[in-house]
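The lines below spell out each chain.
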Amino acid sequence: MRSSTGAADACGAADAGAAGAVSAVGAAGAVGAAATSGPAPGGRRRSADRRLPPGVRKPLVVLHVVASVSWLALMLCLLTLAVTALTTADADRLRAAYRAMGMLGDALVLPLSLLTFLSGVALGLGTAWGLFRYYWVSTKFWLTLVAMAASVLALTARLHDAVRVADAHPSGPIPVTELGFVRYNTVIVPAVALSLYLFNVALSVYKPWGRRGAAGARRGRIPEAGGA
């Protein structure tokens, strides 16, 4: 009971950190989704023909915001639990942390990663931004694709390894040799994924590099929030 409380406290601390991420992503347009509320700079008149109607676009933006922030919060929670397991000397606390990570991973990694990726693709295809018209949008596309693949394949596999170690030693201390590199893998993978998500947030805020195939042309910029 005491170890389960410790794991819950660790996850709660991650959710508190995620609250700050919500503000950052919301201000930035929730990983670029809110940017679709206005016309893309330099967009041609013909691009308006393929824009989603507001009745479809706005719910899709909400879905993208919720999925993106939830994915970010999940990585914060997993990273907090992994660091707790790495640094604790209490075997019960370690087992509780790994089992909590396994439950969160099995329940949330696949649906949140798919929702974030697919809603972002739909917003790109259904607005004047496109997927490959601007360097920052295409960079976000590839980074999100890599992060989704890493989360679904590498992260879930590492979480299952950690749960197997915990289940193999249901009581008493767990030998360090049995833990092996699992203790570090469970920290490294969510830390890398979290870094990718935060970089995507920065791309949504600054929108660098301008438009693809527009050499010599003036780089388009999104109007400020007050002028949108």
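Note: the structure precedes this text.
Small disclaimer: the values here were computed from a predicted structure and weren't measured.

Analysis parameters
Within each chain, residues carry numbers counting from 1 in the order of the written sequence. Side-chain atom pairs in this predicted model are given and counted only at pLDDT of 80 or more, local residue features only at pLDDT of at least 70, and totals for whole chains, interfaces and linings cover all residues. As a rule here, side-chain values come from all non-hydrogen atoms in the structure, and water together with hydrogens is ignored. Numbering of helices and strands starts at the N terminus; helices are DSSP runs of H or I of at least 4 residues and strands are runs of E of at least 2. For every residue, the accessible area obtained with a 1.4 Å probe (protein chains only) is divided by the maximum for its type, and the residue is called buried under 20%, exposed over 50%, and partly exposed between those limits. Should any heavy atoms of two residues lie within 4.5 Å, those residues are counted as being in contact. Take a side-chain nitrogen of Lys or Arg and a carboxyl oxygen of Asp or Glu: if they are within 4 Å of each other, that pair is a salt bridge. The span expected for a helix works out to 1.5 Å for each residue beyond the first. By definition, a residue's bend is the angle between the axes fitted to the seven residues ending there and the seven starting there. To obtain each axis, a line is fitted to C-alpha atoms, and for helices this fit is confined to the stretch in contact; angles are then taken between N-to-C directions over 0 to 180 degrees. Oblique is the label for any angle not covered by the other classes, which are roughly parallel (under 35 degrees), roughly antiparallel (over 145) and roughly perpendicular (65 to 115). Whether a crossing is left-handed or right-handed is set by the direction in which the near helix is turned from the far one by less than a right angle, anticlockwise for left-handed and clockwise for right-handed. Note that Gly is not counted as nonpolar here; it falls among the polar residues with everything else outside the nonpolar set of Ala, Val, Leu, Ile, Met, Phe, Trp, Tyr, Cys and Pro and the charged set of Asp, Glu, Lys and Arg. Here the term patch refers to residues with relative accessible area over 30% and no salt bridge, with like charges joined within 9 Å and nonpolar side chains (Val, Leu, Ile, Met, Phe, Trp, Tyr) within 5 Å. Here, Shrake-Rupley sampling with a 1.4 Å probe gives the accessible areas, and only protein chains in the shown set may cover a residue. Whenever a nitrogen or oxygen atom comes within 3.5 Å of another N or O atom, the pair is scored as a polar contact, on the condition that within protein one atom can donate a hydrogen and the other can accept it, and that pairs from neighbouring residues in sequence are kept only if both atoms are in side chains. When two rings of Phe, Tyr or Trp (its six-membered ring) have centres within 6.5 Å they constitute a pair, described as stacked for plane angles under 30 degrees, edge-to-face for angles over 60, and tilted for the intermediate range. A positively charged side chain is recorded as over a ring if its NZ (Lys) or CZ (Arg) lies within 6 Å of the ring centre. The angle to the ring normal must also be within 35 degrees.

### Looking at the overall build of the protein chain
Of regular secondary structure, the protein chain possesses six helices and zero strands. Mapped from its N terminus to its C terminus, the protein chain presents α and β elements in the order α-α-α-α-α-α. Looking at the protein chain residue by residue over its 228 residues, the buried ones come to 46%. In the protein chain, the share of contacts with a sequence separation of at least 24, taken over all contacts with a separation of at least 6, comes to 81%.

### Some remarks on the pattern of salt bridges
Counted by the stated rule, this structure contains four salt bridges. Aspartate 92 is the partner of arginine 95 in a salt bridge, and the nearest nitrogen-oxygen pair spans 2.7 Å. With arginine 95 and aspartate 92 both in helix α3 (residues 91-125) and three residues apart, this pair spans about one turn of that helix. Take aspartate 92: its relative accessible area is 40%, and that puts it in the partly exposed class. Between arginine 99 and aspartate 167 there is a salt bridge, with the nearest N and O atoms lying 3.3 Å from each other. Of this pair, arginine 99 sits in helix α3 while aspartate 167 sits in helix α4 (residues 135-168), placing them 68 residues apart in sequence. Owing to a relative accessible area of 45%, aspartate 167 belongs among the partly exposed residues under this scheme. Taken together, the shared-partner salt bridges connect Arg158, Asp161 and Arg164 into one network.

### Description of α4
Between its first and last C-alpha atoms α4 spans 48 Å; for 34 residues at 1.5 Å apiece the expected length is 50 Å, and the two agree. Of all the bends found along α4, the most pronounced is centred on serine 151 and spans about 35°.

### Points about unusual backbone geometry
Residue lysine 207 is not a glycine yet carries a positive backbone phi of 45°. Of note in this structure, tryptophan 209 is not a glycine but carries a positive phi near 80°. If you trace the backbone, tryptophan 209 turns up in the segment after α6 (182-206). Residue classification places tryptophan 209 among the partly exposed residues on the basis of a relative accessible area of 38%.

### Some details on the packing of α3 against α4
At their nearest, the axes of α3 and α4 sit 9 Å apart, and the two run at 165° to each other. Relative to α4, the element α3 lies roughly antiparallel. Between α3 and α4 lies a crossing of left-handed hand. Taken together, the residues that form the contact of α3 with α4 break down as 16 nonpolar, seven polar and four charged.

### Brief notes about a nonpolar patch on the surface
A cluster of nonpolar residues, Phe181, Tyr184, Ile188 and Val192, forms a patch on the protein surface that exposes about 390 Å² of accessible area. One can find isoleucine 188 in helix α6.

### Comments concerning the side chain of serine 204
Among the secondary structure elements, serine 204 is positioned in helix α6. In this structure the side chain of serine 204 is engaged in a polar contact, spanning 3.0 Å, whose partner is the side chain of lysine 140.

### Structural notes on the packing of helix α2 (residues 54-87) against α4
Following both chains from N to C, one finds α2 and α4 inclined at 35°, their axes separated by 13 Å at the closest point. Handedness of the α2/α4 crossing: left-handed. Here α2 contributes Trp71, Met75 and Leu78 to the contact with α4, which in turn contributes Thr144, Ala147, Met148, Ser151, Leu155 and Leu159. When the residues that make up the contact of α2 with α4 are grouped by side-chain class, the tally is seven nonpolar, two polar and no charged.

### Focus: the packing of aromatic side chains
We describe a pair of aromatic rings using the distance from one ring centre to the other and the angle between the two ring planes. Tallied over the full model, the rule gives eight aromatic pairs. On the numbers, 5.4 Å between centres and 40° between planes, the contact of phenylalanine 181 with tyrosine 184 is tilted. Judged by its relative accessible area of 39%, tyrosine 184 is partly exposed. An aromatic cluster of three or more residues is present, and its members are Phe117, Phe132, Phe141 and Trp142. If you follow lysine 207 out to its NZ or CZ, it ends over the ring of tryptophan 136, 5.3 Å from the centre.

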